[in-house]
Amino acid sequence: MNTAFNGISPIGLGTGRFPFKSPETFNADFEAAVNLVLYALERGVNYIDVGKGYSNGKAFSVLKEAFRRTDRDYNITVKVNCFEKLTLEDYYKEALFILNEMGLDRATHFLLWTLMDGVQLKRAVEKGGLYDAALRLKSEGKVKHIGASVHMRHNEIIDVVESGLFEFVLISYNLLNFLEMQAVLDRAYEKNVDILVMNPLYGGLIPQNESLFEFAGMDKGETVVQAAIRAVLAHPAVKCVLAGAGTRAQLDEYLLAANYDDDRVKRVEKLKKHITESKNFCTYCQYCADCPEKIPVPQIMNARNVLALQDGRAANAAEKNFFQSLHDKFGIEFESYENPCVGCGQCEEKCTQRLNIVESIAEVYKIVRKVSYDKVSRRERFDELINSCCYKKVGFWPASGGTVKILDIYKNIFGKIPFEVELFDSNADFHGKEKFGYIVRPKEEAKSLGVDCILITSFNYGNIIKEQIKYLGGEGIDVKVLYKPDDVDWWW
Ligand code: SF4
Ligand code: SF4
């Protein structure tokens, strides 16, 4: 195998969007995905980002086949999540499993994957935890660099950068959080920590709102995509931007964007000035803080930038981005869907952008109610699905990190779990083995285990899984899906 250990290309290949259309087109789709990877390598892309579950779980096998067909150098990631109860040995085995899935015996970049806050960082670096597993892999030559991907507030990301533990950090950075991320980037540059960037186009919302982001262009010939990518690459701390490309054309556009030569300092300064003076965005100046009803107005308004831009399109994606942004940047969750604003207007009087805050806050709470994102709604959902039925034993499906997070949310709301938990999954490789502290069971064991209900926690495939196991209803086992159609995912 060939893995490059030096020099990352400014555009990296994200592997979460390979276009697998249907089981009937699988072979052709697989071949197209392999060819896209080979094409990227030929065009000089040498950083490939992959994680478990990417492209519906097919990304590893696509890469395995692409690597078999190429002799080019590449940097490749191994990304491992941090969970309570897992040991150094569990993480180590998980990394080896991922390498094996790609037909590799080593990789270049190990990432502590999706650190959400300082608490999780602390857990990850505890003795005998995920970070120690990374060190062991590095000492054995199985990985070269140790980094972290973070979904944290910018002040917590600065802590990660300053920790001295990581050679690189993968962050979400784009025109919507451009101003507040400058402090992170400046500190990373000073500390010689490489920054890799995900989500440079904010999930597609930037190109979908071209007229609003035209300001990012330095000359008339630049497309909004090019301007957005160049804005991100302009800071010297940024070494690579991940392009989630599904086609050659998309990849080509990213590559064209990275191929430019201008005054980067001027570009950053121009953008900072424009965003600060913009009438469309909340710039997070925080003059509207100190709401008498304790509403975190600056934080909600800043995260709401994405809702203001959606313009009726991609509504659910924008809503999810809003909640994620509020959580990642500010650590804010909604306790209830009831809007506490009394309309005193003092926030609007202070707003430097003259934004219509009272109306915006009301809209936000309407969305919270619709998508059941608050604690009260979640309590009601758990009461409806589980607690009101007085189940003694509940099975959760699938045996995934997502299910563990849902169990954590339950514990956080109710203090403890008053029923026995079993984990179920369709993957026969997991059966009889321990995952997240539970033995994973096949559905055939549900009745003999005395399970009263199976709750499906998959956000994307809940109803498909329900169809596959609903026959258990005939054996006296309730089969239920956690999420309802209007929901957004409760975690990320
Ligand atoms: S108008 Fe509403 S959000 Fe603004 S300060 Fe008054 S109570 Fe808070
Ligand atoms: S005063 Fe206006 S621009 Fe400043 S943080 Fe509040 S809403 Fe945003």
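Note: the structure precedes this text.
As a starting point, this report considers the structure included with it. For clarity, every value in this text was computed on a predicted model and none was experimentally measured.

## Quick look at the pairing of strand S10 (residues 420-424)
Pairing of strand S9 (residues 393-397) with S10 involves four bridges; the strand directions are parallel. Along S10, the bridge assignment pairs Gly395 with Glu422. Handedness of the crossover joining S9 and S10 through helix H20 (residues 401-414): right-handed. Bridge analysis of S10 against strand S12 (residues 438-441) gives two bridges, and the strand direction is parallel.

## Looking at the site of ligand 2
Every one of the 17 residues lining ligand 2 counts as a neighbour, but Cys282, Cys285, Cys288, Met301 and Cys351 are closest to it. Among the elements that take part in the shell around ligand 2, helix H14 (residues 297-303) stands out by supplying four residues, more than any other. In terms of residue class, the shell around ligand 2 is made up of 11 nonpolar, five polar and one charged.

## Focus: the sheet that holds strand S5 (residues 145-150)
The eight strands lie next to each other as S1-S2-S3-S4-S5-S6-S7-S8, forming a closed barrel whose pairing is parallel. Pairwise comparison of adjacent strand axes, ignoring direction, gives a mean angle of 30° for this sheet. In this fold helix H4 (residues 88-101) packs onto strand S3 (75-81) and strand S4 (109-115), with an angle of close to 140° to the strand it touches most, S3.

## What about the pairing of S12?
The pairing of strand S11 (residues 434-435) with S12 spans two bridges and is antiparallel. Note that in S12 the partner of Glu434 across the bridge is Ile439. Between S11 and the antiparallel strand that follows it, S12, lie two residues; Phe436 among them carries a positive phi value of about 55°.

## Overview of the site of ligand 1
Close to ligand 1 lie 15 residues, the nearest being Cys291, Glu293, Cys341, Cys344 and Cys347. Mapped by element, the contributors of at least two residues to the shell around ligand 1 are helix H17 (346-350) and helix H18 (357-371). No other element matches the three residues that H18 contributes to the shell around ligand 1. The class makeup of the residues in the shell around ligand 1 is 11 nonpolar, three polar and one charged.

Parameters and conventions
- Residues numbered from 1 in each chain as written.
- Chains lettered and ligands numbered in written order.
- Predicted model: local features only at pLDDT ≥ 70, side-chain atom pairs only at ≥ 80, totals over all residues.
- Pairing = 2+ DSSP bridges.
- Helix = DSSP H or I, 4+ residues; strand = E, 2+ residues; numbered from the N terminus.
- Right-handed = clockwise from strand over helix to strand, strands pointing away.
- Near = placed C-beta within 6 Å.
- Nonpolar A, V, L, I, M, F, W, Y, C, P; charged D, E, K, R; others polar.
- Axes fitted to C-alpha atoms, helices over the stretch in contact; angles between N-to-C directions.
- Contact = placed C-beta atoms within 7 Å.

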